[in-house]
Structure formats: structure tokens, C-alpha cells
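Structural features, examined
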Amino acid sequence: MAGTSAPSVAPTVGTLLPLIGKSDTKPTWCPGCGDFGVVAAVEMALKRLKIPSHQVVLVSGIGCSSNLPHFLSSYGFHSIHGRSLPVAEGIRWANHTLTVIATGGDGDGFGIGAGHFIHTMRRNVDMTYVTMDNQIYGLTTGQASPTSMMGQKTKSTPAGVIENPIDPISLALAAGATYIARAFSGDVKQMADLVAGGIQHKGFAFIDAMSPCVTYNKINTFDWFRQRVYKLENSGHDPTDIVQAWQRSLEWGDKVPTGLFYKADKPTYEDLEEVLTAGPLANQPAGLKGRESLLDEFI
Ligand SMILES: Cc1ncc(C[n+]2csc(CCOP(=O)(O)OP(=O)(O)O)c2C)c(N)n1
Ligand code: SF4
Ligand SMILES: [Mg+2]
């Protein structure tokens, strides 16, 4: 797993602790897959913030994109399909001094994991979630996902998708995420800025990274996005105004906004959970009286 290999980055002066770098495991993604841009952006963001790699945990579900934690030198947890967020929340609550980043695909996060997505946002858990949204199930070879566009012909929809797609940005606004952004794998610098902003944000940060699947989605390609994307930061958008954020979130088609839609400062789950005021749970005494006999019984 990612955490077992030595980071390829030299320690920085001042921290004396290794920063994140590539692991010894090389990505098996198809050449040209958008996910290469996402792993590069996550690495850039963490390096820029100088967070030592042993304080970072990358958590994923299942999918091509969910292989990401293997490729960086932090701790990692490759969980099960749709469950990256509950696992990441558990890690955060066990030790809320760690930088926890959940990653995964659109199927993972907005299909099977949709319930977790909503509840993690309404709790405003202080963590970052980066979805690699290719609008398709890549790993299982090209079925429609919750973000596939109406009419798209896929392996599971030979006559075209007849369901309305989920808009992750509007969903995040409705559910209470406090940092909501869209990035594009064709602009790694902007994505790194947005991921770094999300990590620094106090609260649940969601970055929907449009990350084309070059093998199974022949519609939402790099060119499709390049012809449509424009940056919110260059358009007078005020991310503190939720009404403006709602209006921008409805734009999808001829124009696709990228950047920060919304940001708000609100108490986090960790702020409000009284038990955590005594420090990370991992450092608190377990307080299990008679645990020796319990262990005797089970070990
Ligand atoms: C409980 C469960 N249901 C279904 C699957 C099969 N499965 C694996 S990955 C996947 C979808 C992957 O799509 P996405 O999350 O968008 O990731 P991508 O491969 O596109 O990056 C599915 C349905 C599974 N592994 N576990
Ligand atoms: S199938 Fe698609 S999502 Fe999976 S690695 Fe290949 S290009 Fe990427
Ligand atoms: Mg996908």
C-alpha cells in the first residue's frame, strides 16, 4: 500500500519530515486517462502546504479512480465501493489532527455512495473529498453512471440514457458542504489550487474534478471540456454568495464553469463533538474497565 514505500521527495528544511511524493507503485490507468491530472494535482497541493506525508491519509472506494491512494507516499486506505466517506470520517474522528482526503469516482460517490455523500456534507466534517468524475463506470468497462448525460449510449444504455443526471455541485450546495468547487484534469494548476484551498478550508471541502475517461466516454472528452470551460474567478463570481453559486451551478452545456462555486465558515462536526475537545480520540484512554477479561475471552 502507498504508506509502505519511502517518499521520493527529500525532507524540506524546517520540517525535517518527508513531504508527500510518488510511491513505488506506478499507475495502471490507460494512457491519457484524466486521473493522471488529479493525482498530480493532489501531490502538488500537499507539497505546497508542506504537510508531512505521515500526517496525510488518502481514502478511496472502488473504481479506476479509487486506485489513487496507491500512487502517493502518504498513508492510504483502499476501501469498498461507495464507502470512502464513512471510512474517511472514521479516520478523522479517531484522529482529527490528520489531513484526510477521500477520493473516488462518480459511480462510487454519487451512485452507491450517494447517501454517505449527503450525510458527510450535512455534518460539515473537516476533510476534503475529490471525485474523479468521468461520467461513466470506467473499471467495469463503460456502463452509465449517475452523471452520464441524457441520451448517452453506453454499454448499459444502448438506446441512450433516459435518466436525468445528478449535478454534484447543486447537490453539495443543498446538502451543506462549505467549500464547493469544480476542476478539470486539463488544468492541473487550477485543480491543485482548488485542492490546496479545500485542504486549508475548515469544514467539508468538495472538489468535483472532471476527469475524462479516454476509453469508455467518447462524448465528455478533453476536447469537449476545453471548448466549454471558463473560470469562475475571471467572471466576477462571488463564492460567498449562495444565490450566485446556485445560479452558476445550473450552467452546464455550452458553458461549464470551473473554480470555486461556494465557501462558507460554519462550525465543523469536530468543533461540535464534545468528546474531541479533550484531544484526538486516538490519544485518549480507552476507559474500558475490565478489558483484560474481555481480551482473555476473545484472544
Ligand atoms: C458493492 C459493489 N457493487 C458493484 C461493484 C462493481 N463496481 C466496481 S467499480 C464500479 C463503478 C466504477 O465507476 P466509478 O466509481 O465512476 O469509477 P471509475 O472506474 O469510473 O473511475 C462498480 C459498479 C463493486 N465492486 N462493489
Ligand atoms: S478505463 Fe477510463 S477511467 Fe479507467 S483507467 Fe482507462 S481511461 Fe481511466
Ligand atoms: Mg467514473
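This is a predicted model, so every value here is computed, not measured. (Residues numbered from 1 in each chain as written. Chains lettered and ligands numbered in written order. Predicted model: local features only at pLDDT ≥ 70, side-chain atom pairs only at ≥ 80, totals over all residues. Heavy atoms only, no water.)

Together, Leu 294, Leu 295, Phe 298 and Ile 299 line one region of the surface with nonpolar side chains, adding up to about 490 Å² of accessible area. Judged by its relative accessible area of 64%, Phe 298 is exposed. (Patch = residues over 30% accessible without salt bridge, like charges linked within 9 Å, V, L, I, M, F, W, Y side chains within 5 Å. Areas by Shrake-Rupley, 256 points an atom, 1.4 Å probe, with all protein chains shown as cover. Salt bridge = Lys/Arg side-chain N within 4 Å of Asp/Glu carboxyl O. Buried < 20%, exposed > 50% of the residue type's maximum accessible area, 1.4 Å probe, protein only.)

An order of β2-β1-β3-β4-β6-β5-β8-β7 is seen for the 8 strands of this open sheet, with the pairing classed as mixed. Among the strands making up the open sheet, the edge pair consists of β2 (75-78) and β7 (229-231). The sheet shows a mean angle of 20° between the axes of neighbouring strands, direction not considered. Bridging between strand β3 (residues 99-105) and strand β4 (residues 128-133) involves 5 bridges; their strand directions are parallel. From the neighbouring strand, Ile 101 faces β4, where its bridge partner is Thr 128. Packed on one face of the sheet, helix α6 (residues 188-200) meets β3, β4, β5 (179-184), β6 (205-210), β7 and β8 (256-263) and runs near 160° to β5. (Pairing = 2+ DSSP bridges. Helix = DSSP H or I, 4+ residues; strand = E, 2+ residues; numbered from the N terminus. Axes fitted to C-alpha atoms, helices over the stretch in contact; angles between N-to-C directions. Contact = heavy atoms within 4.5 Å.)

Protein coordination at the magnesium ion (ligand 3): the donors are Asp 106 (OD), Asn 134 (OD1) and Ile 136 (O), at 2.1 to 2.2 Å from the metal. Donor residues for the magnesium ion (ligand 3), ordered by position in the chain, follow D-x27-N-x1-I. Taken as a pair, Asp 106 in helix α3 (residues 106-112) and Asn 134 in the loop between β4 and α5 (168-175) lie far apart in primary sequence, 28 residues in all. Using a relative accessible area of 2% as the deciding quantity, one classes Asp 106 as buried. (Donors = N, O, S within 2.8 Å, 3.2 Å for Na, K, Ca; no water.)

What follows deals with the packing of aromatic side chains. One pass over the structure, following the stated rule, counts 14 aromatic pairs. Between Trp 93 and Tyr 269 the ring centres are 4.5 Å apart and the planes differ by 20°, which places this aromatic pair in the stacked class. Taken as a pair, Trp 93 in helix α2 (residues 84-94) and Tyr 269 in helix α9 (residues 269-272) lie far apart in primary sequence, 176 residues in all. Accessibility expressed as a relative area gives 26% for Tyr 269, which makes it partly exposed. Their ring planes at 75° and their centres at 6.1 Å tell us that Phe 225 and Trp 252 sit as a pair that is edge-to-face. With Phe 225 in helix α7 (residues 222-226) and Trp 252 in the loop between α8 (242-249) and β8, this residue pair connects regions lying 27 residues apart in the sequence. Residue classification places Trp 252 among the partly exposed positions, given a relative accessible area of 32%. Among the aromatic side chains, those forming a connected cluster through ring pairs are Phe 110, Phe 117, Tyr 129, Phe 204 and Phe 206. Here the basic side chain of Lys 255 rests over the ring of Tyr 230, its NZ or CZ set 5.5 Å away from the ring centre. (Phe/Tyr/Trp six-rings, centres within 6.5 Å; stacked < 30°, edge-to-face > 60°. Lys NZ or Arg CZ within 6 Å of the ring centre and 35° of its normal.)

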